[in-house]
Amino acid sequence: MADEDRYVLHNSDSPAATGYLLVVLTHLLERIGWLVAPTILNVRLRNQSNFYVLRSRVHTLPPKTDPLVPPPIHSAKANHYDPASLIESLVKSKLSARETKVFHSALDYHRAYLNGKITPSEVAEKLIAAIEDGMKPGGIRAVIKLDKDSFRAQAKGKKLVAFITMDSLTTNLLTESTERYRSSRPLSVFDGLPILVKDELDALPYVTSAGTSIDFPPALRDATVVARLRALGAIGFAKANMHEIGIDVKTNNPYWGVSRNPYNKNNYCGGSSGGSAAAVAAGWSTIAFGADGGGSVRIPAAHCGVFGLKATAGRIPATGAFPVCWSVGVVGPIAATAVDLALAYAGMAGPDPEDANTLIQPPVSISSFNNIKDLSDVRIGVYWPYFNDASKPIVAACKAALDELINRGATLVPITLPNLEPLRVAHLITIITEMRAAAQPLGLSKLSYPTRANLISTAAGLQAYDYVLAQRERAEGTKMLQKVFETVDAIVTPTTGRTPIEITKSAEWAGVMDYTSSGVEMRFAFLANLLGIPGVAIPVGYEEGTNLPVSMQIMGSWWSEDLLLRLAHATEDFVVGRRKPSEFVDLL
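Residues numbered from 1 in each chain as written. Predicted model: local features only at pLDDT ≥ 70, side-chain atom pairs only at ≥ 80, totals over all residues. Heavy atoms only, no water.

### Re the pattern of salt bridges
Move 1: This model, assessed by the stated rule, comprises 26 salt bridges.
Move 2: Between Glu-200 and Lys-198 there is a salt bridge; the shortest N-O distance is 3.1 Å.
Move 3: Judged by relative accessible area, Glu-200 falls into the buried class, the value being 9%.
Move 4: When its relative accessible area of 0% is taken as the criterion, Lys-198 is described as buried.
Move 5: One salt bridge in this structure joins Asp-222 and Arg-230, with 2.6 Å as the shortest N-O distance.
Move 6: Assessed through its relative accessible area of 14%, Asp-222 is described here as buried.
Move 7: Each member of the salt-bridge network shares a partner with another, and the members are Asp-248, Lys-250 and Glu-521. (Salt bridge = Lys/Arg side-chain N within 4 Å of Asp/Glu carboxyl O. Buried < 20%, exposed > 50% of the residue type's maximum accessible area, 1.4 Å probe, protein only.)

### Overview of the packing of aromatic side chains
Move 1: Scanning the entire structure with this criterion turns up 11 aromatic pairs.
Move 2: The interplanar angle of 65° and the centroid separation of 5.2 Å between the aromatic rings of Trp-384 and Phe-387 together place this pair among those described as edge-to-face. Here Trp-384 pairs with Phe-387, and both are found in helix H10 (residues 384-387), just three residues apart, close to one helical turn.
Move 3: Feature note: the residues Tyr-7, Tyr-383, Tyr-386 and Phe-524 constitute an aromatic cluster, connected by ring pairs.
Move 4: When the ring centre of Tyr-52 is taken as origin, the NZ or CZ atom of Arg-55, which lies over that ring, is 4.0 Å away. (Phe/Tyr/Trp six-rings, centres within 6.5 Å; stacked < 30°, edge-to-face > 60°. Helix = DSSP H or I, 4+ residues; strand = E, 2+ residues; numbered from the N terminus. Lys NZ or Arg CZ within 6 Å of the ring centre and 35° of its normal.)

### Structural notes on the confidence of the model for the chain
Low pLDDT marks regions whose predicted coordinates should not be analysed in detail.
Move 1: Taken residue by residue, the chain gives an average pLDDT of 88. The fraction at 70 or more is 88%.
Move 2: Segment residues 144-159: pLDDT under 50, and 57 contacts once partners within four positions in sequence are set aside and those in other chains are kept. (pLDDT = per-residue confidence, 0-100. Contact = heavy atoms within 4.5 Å.)

### Some details on the pairing of strand E17 (residues 548-556)
The two faces of the sheet receive side chains in turn, since in a regular strand these alternate between them.
Move 1: Of all the nine residues making up E17, nine are buried; the element is thus mostly covered by neighbouring parts of the structure.
Move 2: One ladder, built from five bridges, connects strand E14 (residues 490-494) with E17; its direction is antiparallel. By the bridge assignment for E17, Ala-490 is matched with Gly-556.
Move 3: Two elements, strand E16 (residues 535-543) and E17, share eight bridges in a ladder whose sense is antiparallel. Opposite Gly-535, over in E17, you have Met-555 as the bridge partner. (Pairing = 2+ DSSP bridges.)

### Notes on empty space enclosed by the protein
Move 1: Counted according to the given criterion, the structure contains five cavities of 30 Å³ or more.
Move 2: In this structure, the largest cavity spans a volume of roughly 580 Å³.
Move 3: Around the largest cavity, the lining comprises 34 residues; the ones closest to its centre are Leu-428, Tyr-515, Ser-518, Gly-519 and Met-522.
Move 4: Here the lining of the largest cavity gets six residues from one element, more than from any other, and that element is helix H12 (residues 420-439).
Move 5: Counted by class, the lining of the largest cavity contains 13 nonpolar, 16 polar and five charged residues.
Move 6: In this structure, the second largest cavity encloses a volume near 60 Å³.
Move 7: Phe-103, His-104, Tyr-109, Val-280, Gly-283, Ser-285, Thr-286, Ala-336, Phe-584, Val-585 and Leu-587 are the residues that line the second largest cavity. (1 Å grid on protein atoms, 1.4 Å probe; cavity = no way out; pocket = protein on both sides within 12 Å on 5 of 7 lines; lining within 4 Å. Points joined across faces, edges and corners; volume = space filled by probe spheres on them. Nonpolar A, V, L, I, M, F, W, Y, C, P; charged D, E, K, R; others polar.)

### Focus on the layout of surface pockets
One water molecule sets the probe size; rolling that probe over the atoms shows where empty space is left.
Move 1: Approximately 530 Å³ is the volume attributed to the largest pocket.
Move 2: Looking at the largest pocket, it is lined by 38 residues, and the ones nearest its centre are Ala-318, Cys-325, Trp-326, Gly-329 and Val-330.
Move 3: Those elements that provide at least two residues to the lining of the largest pocket are strand E9 (287-292), strand E11 (330-335), H12 and helix H17 (526-531).
Move 4: Across the lining of the largest pocket, the residue classes tally to 19 nonpolar, 13 polar and six charged.

### Side note on the environment of Leu-343
Move 1: Here Leu-343 shows up in helix H9 (residues 338-348).
Move 2: The exposure class of Leu-343 is buried, given its relative accessible area of 0%.
Move 3: Discounting chain neighbours no more than four positions away, the residues touching Leu-343 are Ile-87, Leu-90, Val-91, Ala-106, Leu-107, Val-189 and Phe-190.

### Considering unusual backbone geometry
Most peptide bonds are trans, and most residues other than glycine sit at a negative phi.
Move 1: The omega torsion of the bond from Leu-204 to Pro-205 falls at 5°, within 30 degrees of zero and hence cis.
Move 2: Not every positive phi belongs to a glycine, and Ser-184 is a case in point at roughly 60°.

### Considering H12
Move 1: With 20 residues, H12 should cover 28 Å at 1.5 Å per step; its first-to-last C-alpha distance of 28 Å lies within 8% of that length.
Move 2: The buried fraction of H12 amounts to 16 of the 20 residues, a majority that puts the element mostly inside the structure. (Expected span 1.5 Å × (residues − 1).)

### Quick word on the packing of helix H11 (residues 392-407) against helix H18 (residues 561-574)
Move 1: Closest axis-to-axis distance for the H11/H18 pair is 10 Å, and the angle between their directions is 105°. Relative to H18, H11 is oriented roughly perpendicular. Where H11 abuts H18, its residues Ala-401, Glu-404 and Leu-405 lie against Leu-567, Ala-570, Thr-571 and Phe-574. (Axes fitted to C-alpha atoms, helices over the stretch in contact; angles between N-to-C directions. Parallel < 35°, antiparallel > 145°, perpendicular 65-115°, else oblique.)

### Considerations on the side chain of Ser-209
Move 1: On the secondary structure map, Ser-209 appears in the loop between strand E3 (194-198) and helix H6 (224-231).
Move 2: Here Asp-199 takes part through its side chain, which lies 2.5 Å from a polar atom of the side chain of Ser-209.
Move 3: In this view, Ser-209 contacts Asp-199, Ile-214, Phe-216 and Trp-256; residues no more than four positions away in its chain are not counted. (Polar contact = N/O pair within 3.5 Å; in protein donor to acceptor, adjacent residues only side chain to side chain.)

### Considering the side chain of Arg-180
Move 1: Here Arg-180 lies in helix H5 (residues 170-182).
Move 2: For Arg-180, a relative accessible area of 14% puts it in the buried group.
Move 3: Sequence-distant contacts of Arg-180, defined by excluding residues within four places in its chain, comprise Arg-185, Pro-186, Leu-187, Asp-191 and Gly-233.

Laid out in C-alpha cells, this is it:
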C-alpha cells in the first residue's frame, strides 16, 4: 500500500483553555506573541495542528484558489432563478416518506393556515410567548433581545440562547400573510412561515454582526437567500446566535451567550450555526439559514438531531453574507425534516447576477426527491478506515442506516480517499488565514478572548507560502475526487466524530478554545468545504445515556444536491423513533 493511501488523520491532544487561563493566554499572545511565535508557537503548531505537513509534500498541480468545479460541458445551464415550479411540484406530490410525529414541516404549517386551524399571527404570538417564558429565571434563554433598545444585552445563566435579535416590525408582514390566507391566496408554502437567519447574513431590519459585539450599521437590504424566501411569503423572524465570526463549532459566544442543546442543556449544540440548529430542534421553526465554512451547518444539525445541507460551491448565492471565509464557506439551510430541507434548497439555490460564482451552475432540480424505495441506480462509496474513525455509538448508528440504503438496492463500493491529512491541513490553513484577513479590519481587540487567541496562535506561525501550498493541495484533492466519483455517486461517513462536549462554568463567561474536541467534531467536514462538493447531515439515532443525537453524512459529486436530498428523504423514511427534545415548543 502506498503511503498516500494509508489512513492518517491527526488528532490534537491540546488541553482546552477556558476561564482565567484563556484570558491570561490571550493577553500574553497579544503582547509577546511576536517573540514566541518562532519558538513555542511553532512547536505547538507542528506537533498539535500538523500545520507544516504541506511543506514536505510534492505537488504537481498549480494552486486552485477556489472550490468551483464547472458542470460537464454538455450540461444545461441555469439562466435564471425561478423556484416556483419546483416548490409547487413538491407541495403537490405524494410524499413517499412517512411523516415524523415529532417535528412539524412547512407543509404542516401551510395546511393549518389554509384550513383555518391557526393563523401566522397566532403562531407568532405563541412563539413570542415561548421566547419570553424562556427568558425568565431558570428558563432556556432562547432570545436575549426583543427590541433594539436591548440589542446588546448579554445572556446569563444555564439557558439555551438560540436567538440574538427579534423585532416587532415583522407584525405587519404577519398581518398581511394572515389576510392572504383568509382570502385563500397565499404566495407559496412559505407564506407565514417563521424563518430564522444566522447572524452572518443580512436581514432587514437587523444589524449583521457575525456574532461579534461590534456596532455595525443596520443592513441596507436582505441577503439574496433571505430576499428570495421573503418574496415567497416567509417571515424573517429573528437573528440566530452563532460562534463569533464562525471560528469554532460550539456556539459559545461570550457576548451573546452560549447556545445550548435542546436535547441536553448541559451540552453544546454545535456551530457555528448553532442558534439556527437549536431553534429548529426546539420547534421554533422548520427552517433556518446557516453558513458552512468547516461544517458549520452540518455539525450543529448533527448535534441537534435535524437536517443540514452544505451545497456545492457556487450553487446558493452568498450575496449579503458577512465575508468570513470566502473560498470555503457557503450559505445553506438547516431544517426539521427532509421535505423542509428540499423546499428551502429549492427556494435558495439558483444563479444570482451579483454573485459570479453562481453563474456557472446547471439547473436546480429536486425531481428525484420522492424516488426513495428503489435505490438500485445509486453507487455508495465507503472508505472504511475513515467511516469507522468515530465513537462506537455513532459508527453503529451510521452503519445501520447505511445497511438500510443497501437493502433498498444501493450498491456498496469500497473506496480509498488518499491524502486526507494533507487535505485536512489545507482546509485548516485556508479557513484560518481567510478568517484572520477578515478580522483584521474589524480590530482584533474588539473580538472575544477565544477568537483572538485562536487567530493569533494559529496564524502567527504561518507564512504566505503555506496558503499557496494549501491551494495546491486543494487542486490535488479536486483531481482525486473527480476520479473517485467516476466509480461512485455518493460517499457516506458519519457527520461528526463524537457528540458535543459538556459546557463548563468557566467557559460560559470567557469562552473556550479546545482544539481537541473541535478537531474530532470537524473530522468529516473539511472535504466538502475545501473541494466544493455538497454534503448533507441526516439524523439517524441517539447516544444512549446522554440522549444526544447521532448523524450520518452523505457527500456527492459537484451539483448532485438532487441525489443527496433523495437519499436524505430515503433515510428519513426508514429511521424510526426520532425523539422530542426536552426543550421543545409545539406551535401548531
